[in-house]
Amino acid sequence: MPMNLTPLQSQQFQELRGRWYEIIKPLNGFAPSNFLEPVPYFRPEHLKNCRVLPQREMVIQDIPIGSRIAEVGTQQGNFAKKIYDNSAPKELHLFDVDFAPFHEAAHFAPLPQNVFLHEGDSSTSLSAFENEYFDVIYIDGDHSYAGARRDADVAVRKLKRDGMLWFNDFTLWSPAEMQDYGVPYVVSELCHSGEWEMTTLTLHPLFYNDVVLRRRSGV
């Protein structure tokens, strides 16, 4: 299916693509592996209990009623509101560097007493909680490798042993931002550590997919 562009946008895109080819042409004939570092292959044991769902909203059904939930990166709070309305959490903690879009959207108005806002660096704010505090941590913050790695390193300590470690934007490249994403590398590293396995993969119409990890039994 072609992109939905006006004639002017199509012309501008073709010009942009020409410049893009000039940038990556030295990388040995446009070979993707010379532009983006390949994610190591997932092994069978990483995926043996994994299911595929058509959309991320279906994961909310897996959240136990009365859970403590963290969403790292909430933007306007759209998905946070879906989580709140459909999981009846004991506590919902939202982390973001700037809550101006959240307040402007006003999905939570007034703010419920069991919803808490933490403004600033997410990994720093999350570090303030005691270990094994959360039942679910949804990571949708800084999508660079370094940012996703920082959030994940803190999240694994703050998550209960049987908790859900949930990542948004499991993709290498964002066409909307023309930017590489580091989430797949972080997920791969967690699985290859031997402690985690992928239990859910959810698909997105533009393949900004989600994954859920849980600790492997007996680990």
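Reading the values: rules and limits
- Residues numbered from 1 in each chain as written.
- Predicted model: local features only at pLDDT ≥ 70, side-chain atom pairs only at ≥ 80, totals over all residues.
- Heavy atoms only, no water.
- Helix = DSSP H or I, 4+ residues; strand = E, 2+ residues; numbered from the N terminus.
- Salt bridge = Lys/Arg side-chain N within 4 Å of Asp/Glu carboxyl O.
- Pairing = 2+ DSSP bridges.
- Right-handed = clockwise from strand over helix to strand, strands pointing away.
- Axes fitted to C-alpha atoms, helices over the stretch in contact; angles between N-to-C directions.
- Left-handed = near helix turned anticlockwise from the far one by under 90°.
- Contact = heavy atoms within 4.5 Å.
- Nonpolar A, V, L, I, M, F, W, Y, C, P; charged D, E, K, R; others polar.
- Core = buried A, V, L, I, M, F, W, Y, C linked by side-chain atoms within 4.5 Å.
- Buried < 20%, exposed > 50% of the residue type's maximum accessible area, 1.4 Å probe, protein only.
- Phe/Tyr/Trp six-rings, centres within 6.5 Å; stacked < 30°, edge-to-face > 60°.

Student: Now, about unusual backbone geometry: what can you tell me, with residues and values included?
Tutor: Look at the link from A109 to P110: it is a cis peptide, with omega at -5°. Although it is not a glycine, E132 sits at a positive phi angle of roughly 55°. With respect to the helices and strands, the residue E132 is situated in the loop between helix 5 (122–127) and strand 5 (134–139). Even without glycine at this site, F207 takes up a positive phi of about 65°. When you line up the elements, F207 lands in the loop between strand 9 (196–202) and strand 10 (210–215).

Student: Could you give an account of the pattern of salt bridges, with specific residues and numbers?
Tutor: Within the structure shown, the criterion is met by eleven salt bridges. Residues D142 and R150 are paired through a salt bridge, measuring 3.6 Å at the closest nitrogen-oxygen approach. Here R149 and E189 are joined by a salt bridge, their closest N and O atoms 2.5 Å apart. Taken together, the residues R149 in helix 6 (residues 145–158) and E189 in helix 7 (residues 183–192) connect sequence positions 40 residues apart.

Student: Any chance you could break down the pairing of strand 6 (residues 159–167) for me, citing the residues and the numbers?
Tutor: Bridge count for strand 5 against strand 6 is five bridges, and the pairing is parallel. Opposite F134, over in strand 6, you have L159 as the bridge partner. Read as a crossover between parallel neighbours, the route from strand 5 over helix 6 to strand 6 is right-handed.

Student: Before we move on, could you go through the packing of helix 6 against helix 7 and cite the residues and values that matter?
Tutor: Put simply, helix 6 and helix 7 touch, their axes get as near as 8 Å, and they point 35° apart. The crossing of helix 6 and helix 7 is right-handed. Along its contact with helix 6, which presents Y145, A148, R149, A152 and V156, the element helix 7 presents V183, Y185, V186, E189 and L190. Here the contact of helix 6 with helix 7 is built from residues that sort into eight nonpolar, no polar and two charged.

Student: Go over the nonpolar core with me, naming the residues and quoting the values.
Tutor: Core analysis: the largest hydrophobic core is formed by 28 residues, its most contacted members being I137, L165, F167, V187, L190 and L213. Those elements giving two or more residues to this core turn out to be strand 2 (68–72), strand 5, helix 6, strand 6, helix 7, strand 9 and strand 10. For L165, the contacting residues outside a window of four places in its chain are I137, I139, A155, V156, L159, L190, W196, V211, V212 and L213. In this structure, A80, L92, V115 and M164 belong to the second largest nonpolar core, which totals 20 residues.

Student: Describe in detail the packing of aromatic side chains, supporting the description with residues and values.
Tutor: Under the defined criterion, the tally for this structure stands at 13 aromatic pairs. Aromatic side chains F102 and F108 sit 5.7 Å apart centroid to centroid with 20° between the ring planes, which places their arrangement in the stacked category. The burial state of F102 is the same as that of F108; both residues are buried. Residues F129 and Y133 carry aromatic rings whose centres are separated by 5.3 Å and whose planes lie at 45° to one another, so their mutual orientation is tilted. Across this residue pair, the class does not change: F129 and Y133 are buried. Taken together, the aromatic side chains of Y84, F99, F102 and F108 make up a single cluster linked through ring pairs.

Any link to function would need more than the numbers given here.
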